[in-house]
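What follows is the residue order along each chain.
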Amino acid sequence: MPFWNRAAALLLAGLATTTAFAAYPDKPIRLVIGFPAGGPLDQHARLLAERLQAALGQPLIIDYKAGAGGTVGAQDVMKAPADGYTLMLANTGVMVINPALYSKLPYQTLRDFTPIARTAMQPLALLVNPQLPVNSLKEFVAYAKARPGQVNYGSAGNGGISHLVPEMFKNAAGLFMVHIPYRGSAPAFTDLMGGQVQFMAESIPQAAAYHKQGKVRALAVTSRERNPALPEIPTVMETGLKDFEVVGFYGFLAPANLPKDVRDRLSDAFRQVLTSPEIRNRMIAQGADPAFLGAEDFAKYLAAEMPRWADAVRKSGARLD
């Protein structure tokens, strides 16, 4: 083929590709959630869905692929075409805890997915049974240090964020507490209120509701700033544990090798949605702080978070296969 014919062919191919990206999206987008309907991720997705559909001009179809701590959904997305029509909404567990928790995990977050946007951060509250004779985190630390191995903390199960956050706190404060894993946060929370366990880390909405009813006592929040739902409760850092900021997060990812044009189109759509005061206020009411990061910054954030949570998993001794 003569040089000018080859050049013309390459130019036409480039124009066709550009036109295809410019037309994106031209059909509905499937959003995979690796957990059952009705949970926190589902609430987050439904909160954003209507505005996101308006920004993209196409319907968003939520597809629940529950199982193995979000692994089933992640595998489904990993194997999908990298065309922008399959996305995954995932949390801290799926993105950065599972890779350290499962020895035979079928995916690697930074290898098998394209980060699109971080949308929210989710701080936790550190809680005690209200009958415990402590009114501050400093008092609790002193109480637990005086009773090594006699203070129990409950969690929703081995390796989850409600297990690892107390482990991080325990290590930072130099405490010896005993972990009592439950099958879900509801039974753990019930036993916290009943006094079978003395300590727990729980999401802000549930913690705030029961703290205000006097059924549990909130001692601190794990974010850098105080939380609007518990404005009188200090951060862990305010109580003296320097640099203790541990929060969960939500983010959207696509299969690996997503074209940059499509990635940036999606990321910008999330940015637009999160500028809405109504969306931001409703997100806060759900217990998540709006915290947008674009695609490149989200990728850097994930790369920094993975070793931190891997260290927490290692120190906890948790392992699932």
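Quick look at the structure, then. (Residues numbered from 1 in each chain as written. Predicted model: local features only at pLDDT ≥ 70, side-chain atom pairs only at ≥ 80, totals over all residues. Heavy atoms only, no water.)

**A look at the packing of aromatic side chains**
Item 1. In the structure shown here, the tally under the stated rule is eight aromatic pairs.
Item 2. Their ring planes at 85° and their centres at 5.0 Å tell us that Phe249 and Tyr301 sit as a pair that is edge-to-face. One end of the pair, Phe249, is in strand β10 (residues 248-255); the other, Tyr301, is in helix α12 (residues 295-316), and 52 residues separate them in sequence. The residues Phe249 and Tyr301 share a single accessibility class, namely buried. (Phe/Tyr/Trp six-rings, centres within 6.5 Å; stacked < 30°, edge-to-face > 60°. Helix = DSSP H or I, 4+ residues; strand = E, 2+ residues; numbered from the N terminus. Buried < 20%, exposed > 50% of the residue type's maximum accessible area, 1.4 Å probe, protein only.)

**Let's talk about the side chain of Ser267**
Item 1. Along the chain, the position of Ser267 falls in helix α10 (residues 260-273).
Item 2. The exposure class assigned to Ser267 is buried, which follows from its relative accessible area of 8%.
Item 3. Setting aside chain neighbours within four positions, we find Ser267 in contact with Ile116, Phe292, Gly294 and Ala295. (Contact = heavy atoms within 4.5 Å.)

**With respect to the packing of helix α4 (residues 92-101) against α12**
Item 1. Close contact between α4 and α12 brings their axes to 8 Å; oriented N to C, the two are set at 45°. The angle between the axes of α4 and α12 places the two elements in the oblique class. Crossing of α4 against α12: the hand is right-handed. Contacts between α4 and α12 pair Thr92, Met95, Val96, Ile97, Pro99, Ala100 and Leu101 from the former with Phe298, Leu302, Glu305, Met306, Trp309, Ala310 and Val313 from the latter. (Axes fitted to C-alpha atoms, helices over the stretch in contact; angles between N-to-C directions. Parallel < 35°, antiparallel > 145°, perpendicular 65-115°, else oblique. Left-handed = near helix turned anticlockwise from the far one by under 90°.)

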